[in-house]
Amino acid sequence: MQFTILVYETQSELAARTDPKRKDAYWGAYRAYTKALRDAGVMVGGAGLEPPRTATTVRVPDGKRRVQDGPFADTKEQLGGYYVIDVPDLDKALEWAARCPSASTGATEVRPNMPPPPPGA
Amino acid sequence: MSDAAAAAELAARTSYGRLVAYLAARWRDVARAEDALGDALLAALETWPHRGVPDNPEGWLLTAARRRLVDGARHAGVAAAAEAELTLMLQEHIDDQRGTRVSDHRLALLFVCAHPAIDEAARTPLMLQTVLGLDAARIASAFLVAPATMSQRLVRVKAKIREAGICFEVPERREMAARLEAVLDAIYAAYGSGWEDVAGADPRRRGLAEEAIWLGRLVTRLLPDEPEALGLLALMLHCEARRPARRDSGGAYVPLREQDVTQWSQPMLEEAERLLKTAARSKSPGRFQLEAAIQSAHAQRAWTGVTDWEAIALLYEGLLRCAPTVGARVASAAALAEARGAETGLRALDAMAPDAVAVYQPYWALRGQLLKKLGRNTQALDAYDRAIGLSEEAAVREFLMTRSAQMR
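Residues numbered from 1 in each chain as written. Chains lettered and ligands numbered in written order. Predicted model: local features only at pLDDT ≥ 70, side-chain atom pairs only at ≥ 80, totals over all residues.

Q: What am I meant to see in the overall build of chain B here?
A: For chain B, the count of helices and strands is 21 helices and zero strands. On the principal axes, the C-alpha backbone points of chain B span a range of 75 × 45 × 40 Å. Sequence-distant contacts, at least 24 apart, represent 62% of the contacts inside chain B between residues at least 6 apart. (Helix = DSSP H or I, 4+ residues; strand = E, 2+ residues; numbered from the N terminus. Contact = placed C-beta atoms within 7 Å.)

Have a look at this one:
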């Protein structure tokens, strides 16, 4: 069963990506986590996301385009990346979510991936 | 908090398990016993502030809970059950005048929770909820399970106890050893859930170590002559004694062999040693006594300043004969490496099935450490990375990253 682990990071963690003093620890932790997922054979895919300030939000209400700089929601913890994993059940997915570095600093959210809609639906 | 509210809380904490056990044993229905007691506690919080705290809060709660059960049985058309309960209440009311206490059925309840018919994963949560009154959300966090899932599991397992008619009885002598082992396993699982959450800054992350020790004490009080129950309590106290030493003042992880022994809790260590000595007198060693003996051997460093790794390796050999768990095998390899060299430890790790250790963090951390010692840096880095990726705690992750960075 596929689940997506959404990686929510605090401002401080996002800043650690480029902070000369902290970037080795930051990237080392994510590199190791990604490796652990791969070595365990549960990794399906995923990506790290550039920081929220690079986001552009698009809406087209009533056919009128509205484009804004910045993320859709301005919250304390921001989406910093995601992993798609394939594990037997939610319990196993939560074990992996707990190991994600952002679980100790920000948060991780686990959602089951929906199966593709049946043909003709 | 008002006196009445405080009294209700205190009564709840000290009497909860005893009252649930008593009611559940009589009605053969854990869920209804808990619901009735929950209602009684609410009623207490409403009435006591106006009318004052009753002289016998436990008796008051029991009577209120029984009324709920009797009312419920009447509504459900189980008149016979209700009549039987009323007759008993009358009899006990007479006894009460003579000062009789609620008889203790908690031991039977513990055996129900760890009954062979109950799914192993549900035993510890069930125990924590029925005997200690912990809520499902707290138990779910400790076991890293979604709160909704945990609630469902608890509801299902209580329905099973009722439907399967599981007996509220303490097992007979010939069954005792096997049944007690299941009870002790369940208590130890509660302790284990708290083991990595040692930081302590956030009380929600302290896990269930205190609750597990409380349950361990309860079992040794109710079954004072069972050496394995004493062994389990000694084991938990030995581990708990070291809790303050497991992080330095800056919050960094400190491995056992580098811990400052002056920070180990002396009273806890001494109690653990006494318990283990008492257990040894019955000359029937078992898994928990062996595990406690291993921890006791580590504790000797507090008095002698040295660790006898050869003795520890031998004790692990004994433990592996009766409980060859993945955790024990990795810990045994660590002791072998200390006593007889990194090669020997590594061979013990190599002998383990890859599937069993794929996501077991301590295996990869030890593997990294031993390969590093042997100068096989490329492989060591690979193992360390795997251990870092499998770590849940930031402090442990940082510790391993520092160790592995020394090779880059």
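Q: Which parts of the structure should I look at to understand the domain arrangement of chain B?
A: You'll often see interface size given as the accessible area lost when the parts meet. Under the domain assignment used here, chain B contains domain 1 (3-102), domain 2 (105-223) and domain 3 (326-408). For domain 2 of chain B versus domain 3 of chain B, the distance between C-alpha centres works out to 32 Å. (Domains from an automatic or database assignment.)

Q: Before we go on, may I ask you to explain the environment of B:Glu83 in this structure?
A: Residue and element names in this part refer to chain B. Tracing the sequence through the fold places Glu 83 in helix α4 (residues 79-97). On the basis of neighbour count, Glu 83 is assigned to the partly exposed category, with 13 C-beta atoms found within 10 Å. Separated by 10 residues in the primary sequence, Glu 83 and Ala 73 have C-alpha atoms spaced 9.4 Å apart. (Buried ≥ 20, exposed ≤ 12 C-beta atoms within 10 Å, placed from the backbone.)

Q: Explanation requested: the environment of B:Val53 in the structure shown.
A: Residue and element names in this part refer to chain B. Mapped onto the secondary structure, Val 53 falls in the loop between α2 (30-51) and α3 (57-75). The exposure class of Val 53 is buried, given the 20 C-beta atoms found within 10 Å. Between the C-alpha atom of Val 53 and that of Ala 24, which follows or precedes it by 29 residues, the distance is 25 Å. Those residues in contact with Val 53, other than ones at most four positions away along the chain, are Asp 3, Ala 4, Ala 7 and Trp 48.

Q: Would you take a moment to explain the sheet that holds strand β5 (residues 78-86) of chain A for this structure?
A: In any sheet, the strands associate via hydrogen bonds between backbone groups, in a parallel or an antiparallel arrangement. Residue and element names in this part refer to chain A. Reading across from one edge, β2-β5-β1-β6 is the order of the four strands in this open sheet, with antiparallel pairing throughout. The strands lining the two open edges of the sheet, one partner per strand, are β2 (43-48) and β6 (107-112). When strand polarity is set aside, the average angle formed by the axes of neighbouring strands in this sheet is 20 degrees. For β2 and β5, the ladder comprises five bridges, and the chain directions are antiparallel. (Pairing = 2+ DSSP bridges. Axes fitted to C-alpha atoms, helices over the stretch in contact; angles between N-to-C directions.)

Q: Just to check I follow, could you spell out the nonpolar core for this structure?
A: For soluble globular proteins, the rule of thumb is that nonpolar side chains tend to be buried together. All names here are of chain B. Leu 23, Leu 37, Ile 187 and Ala 234 are the most contacted members of the largest nonpolar core, which has 136 residues in total. Of all the elements, helix α1 (residues 3-27) adds the most residues to this core, at 12 residues. Residues within four places of Leu 23 in sequence aside, it is in contact with Ala 33, Ala 36, Leu 37, Ala 65 and Leu 69. (Core = buried A, V, L, I, M, F, W, Y, C linked by C-beta atoms within 7 Å.)

Q: Which parts of the structure should I look at to understand the interface of chain A and chain B?
A: Between chain A and chain B, the residue contacts involve 16 residues of the former and 18 residues of the latter. At the level of secondary structure, the elements contributing two or more residues to the side of chain A that touches chain B comprise α2 (23-39) and α3 (90-99) of chain A. Counting residues per element, the side of chain A that touches chain B draws most heavily on α2(A), at eight residues. Of the residues contributing to the side of chain A that touches chain B, the split by class is nine nonpolar, two polar and five charged. (Nonpolar A, V, L, I, M, F, W, Y, C, P; charged D, E, K, R; others polar.)

Q: Help me out: how do you make sense of unusual backbone geometry in this one?
A: Of all residues except glycine, most have a negative phi; of all peptide bonds, most are trans. All names here are of chain B. For Arg 28, which is not glycine, the phi torsion reads 55 degrees and is therefore positive. Among the structural elements, Arg 28 can be located in the loop between α1 and α2. By the C-beta count within 10 Å, which is 16 here, Arg 28 ends up partly exposed. Of note in this structure, Leu 144 is not a glycine but carries a positive phi near 55 degrees. Among the secondary structure elements, Leu 144 is positioned in the loop between α7 (136-142) and α8 (147-164). Accessibility expressed as a C-beta count within 10 Å gives 13 for Leu 144, which makes it partly exposed.

Q: Honestly, the packing of helix α16 (residues 326-340) of chain B against helix α19 (residues 361-373) of chain B in this entry has me stumped. Any pointers?
A: The geometry of a pair of packed helices is captured by two quantities: the angle between their axes and the separation between those axes. All names here are of chain B. Put simply, α16 and α19 touch, their axes get as near as 10 Å, and they point 20 degrees apart. By the angle between their directions, the pair α16 and α19 is classed as roughly parallel. Remark: the crossing between α16 and α19 carries left-handed chirality. Contacts between α16 and α19 involve Val 330, Ala 333, Ala 334 and Ala 337 from the first element and Pro 362, Tyr 363, Leu 366 and Leu 370 from the second. Among the residues forming the contact of α16 with α19, the class breakdown is eight nonpolar, no polar and no charged. (Parallel < 35°, antiparallel > 145°, perpendicular 65-115°, else oblique. Left-handed = near helix turned anticlockwise from the far one by under 90°.)

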